[in-house]
Amino acid sequence: MTTCKAAWLVVRAHLPQLLAYLIGLGMLAALLAWGTVGSTSQTGAQTFDPPRNNVAVIDRDSDGGHCVGDALRTYLASSANLVDIEDSETAIDDAIATQQAVFIVIVPQGYANDFASAVKNNADMPRLGSLGSDGSGNNDGGSESAVSTMEGIRINGFLNSARTALIANPESDVNAAFDTAIHAAHDSRTTPTASVRRAASDSQASGSQQTQADIEGFAPSLVFRDSCAAMIYAVIMSVSLAVILVMTEFNAPRTRERIRVSAQNPASARWQLLLVCSAIGVAMWLCCLAIALGACATRGAGLASVNAVSLALSATSLFVLCLVCVAFGFLVAQFHVTAATANGIVNTVGLVSAFLSGAWLPQWLMSPSVAAVAKILPGWWFVDSLNQAFGGDASVIAAPNMNGWACSTALMAAFGVGFVVCAVIVGRVRSR
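Caption draft 1: Spotlight on the sheet that holds strand 4 (residues 129–132). As summarised here, the arrangement of the four strands in space is 2-1-3-4, forming an open sheet in which the pairing is mixed. Lying at the two open borders of the sheet, with one neighbouring strand each, are strand 2 (80–82) and strand 4. Averaged over all pairs of adjacent strands, the angle between their axes in this sheet comes to 25°, without regard to strand direction. The pairing of strand 1 (residues 53–59) with strand 3 (residues 103–107) spans five bridges and is classified as parallel. The partner of Val57 across the bridge, within strand 3, is Val105. Sheet contacts for helix 4 (residues 89–97): strand 1, strand 3 and strand 4; angle to strand 4, the most-contacted strand, approximately 40°.

Written as structure tokens, this is what we have:
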């Protein structure tokens, strides 16, 4: 037990630094995951309301009874804020300059008659006058702004609908055609919504939408999974650094000499050192797991709403990651680096792993070349195993994908075995 006590003294000497990495960064990761999931599960996040622009309609077509202008106002009222502007050059310029209206439609004199004549003779449709907030429009031949273009597309679609109605019923007049177009637009218009979906089971339709209760139901699962993923940097930093510090101290020439001349069996000392390093990994795993579970318990229905199998699989993935970090620390320690050098190495590896793993940036946003590089690091397979534990997709929550989780976890564990093999080889070479 002398070796265990000595290793504990080394860990205790660096305990403030290790706790700062583990608890500080772990808590920060959990808070970020909690806040991200919380912001996407609010009631207002389920519905997207498109922006409404201030639009004015100036109708100069007294010959047509102002039917076109009235129809345009009725149609645009559902997608824009209508403002009244005096039909004068000064008033129009002032409205554009002061942003009272970002788009102005001008119905010229005789437009209704020209519209009916164009439909009857199968000629080009007459054009409405328009003016955008940047002074562009089809009256001056300038390039139109985005707002002008979008409003122009809406109006042209409405005019084409009225044209189709007049062609379908040649005996009707322009006023009736525009009324038909208004009713058709009202019947086909639906409010755009952005709803959260999750993969359905075999007994459910795959495209069924989630209610707010459903979203809140799997919010704890999202918090737990994302908290575990975001803590990858904290785990690499704390576990690897702690193992490196312990191993470096015992690999120092004076320590090795004392062990060699002592009555303690060298093999026993190595086994005790291995036990201490494994205990460090287990202790760090329990701390991270407690943080993730605490964050999960504060969301929605808490732990009761999380699939027990998914929870166990995720905890296992986190445990394997801790063991991989123990193996990585064991490898780095074979080079007898100083504490400052070890800090720099684990910081670099931790940041690279966190960025490329998909913990801080979703894996599906990465280009194929970046993803190919990321897959040579164990962090990628750690995050993928968490996703597989909750259904196999980072954007949904479903039943665990056992095969996918097992493959990702096995690949992650293979990195740990590789680190140990390399460490043994390096140790043998350096001891000669």
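The structure having been displayed, the exposition proceeds.
Caption draft 2: Inspection of the confidence of the model for the chain at higher detail. Within the chain, residue pLDDT values average 80, and 80% of them lie at 70 or more. At the low end of the mean pLDDT range in the chain sits helix 10 (residues 253–261), at 65; at the high end sits helix 12 (residues 308–333), at 93. Overall, residues 139–143 carries pLDDT values under 50, and its contacts beyond four positions in sequence, including any with other chains, amount to seven contacts. Across residues 190–215, confidence stays below pLDDT 50; counting only partners more than four residues off in sequence or on other chains, it has 43 contacts.

Caption draft 3: Looking closely at helix 9 (residues 232–251). Compared with an ideal rise of 1.5 Å per residue, which puts 20 residues at 28 Å, helix 9 spans 27 Å between its outermost C-alpha atoms and is within 8% of the ideal. Here helix 9 lies mainly inside the structure; 19 of its 20 residues are buried.

Caption draft 4: Region of interest: the packing of helix 12 against helix 16 (residues 402–431). One can describe the packing of helix 12 onto helix 16 by two numbers: an axis separation of 8 Å at closest approach and a directional angle of 15°. When the axis of helix 12 is compared with that of helix 16, the two are roughly parallel. Here helix 12 runs over helix 16; the crossing is left-handed. Residues Val309, Leu313, Thr316, Ser317, Val320, Leu321, Val324, Ala327, Phe328, Phe330 and Leu331 of helix 12 form the contact with helix 16, whose participating residues are Met402, Trp405, Thr409, Met412, Ala413, Phe415, Gly416, Phe419, Val420, Cys422, Ala423 and Val426. Grouping the amino acids of the contact of helix 12 with helix 16 by side-chain chemistry returns 19 nonpolar, four polar and no charged.

The rules we used
Within every chain, residues take consecutive numbers counted from 1 along the sequence as written. Since the coordinates come from a predicted model, pLDDT governs what is reported: local features require at least 70, and pairs of side-chain atoms require 80 or more to be given and counted, while whole-chain, interface and lining totals use all residues. Excluded from the side-chain calculations are hydrogens and water; all other atoms, namely the structure's heavy atoms, are used. Being paired, for any two strands, means DSSP has found at least two bridges between them. To qualify as a helix, a DSSP run of H or I must reach at least 4 residues; to qualify as a strand, a run of E must reach at least 2; elements of each kind are numbered from the N terminus. Axes here refer to lines fitted to C-alpha atoms; in helices the fit is confined to the stretch in contact. Angles between the N-to-C directions go from 0 to 180 degrees. For this analysis, residues touch if any pair of their heavy atoms sits within 4.5 Å. Summary of the metric used: pLDDT quantifies the predictor's per-residue confidence within the range 0 to 100. To estimate the expected span of a helix, subtract one from its residue number and multiply by 1.5 Å. Only protein chains enter the calculation, and the probe is 1.4 Å; a residue is then buried if its accessible area is under 20% of its type maximum, exposed if over 50%, and partly exposed in between. These descriptions rest on fixed angle ranges, namely under 35 degrees for roughly parallel, over 145 for roughly antiparallel, 65 to 115 for roughly perpendicular, and the rest for oblique. Helix crossings get a hand from a simple test, with the near helix turned counterclockwise from the far one by less than a right angle marking a left-handed crossing and a clockwise turn marking a right-handed one. Residue polarity follows a fixed list, in which Ala, Val, Leu, Ile, Met, Phe, Trp, Tyr, Cys and Pro are nonpolar, Asp, Glu, Lys and Arg are charged, and the others, Gly among them, are polar.

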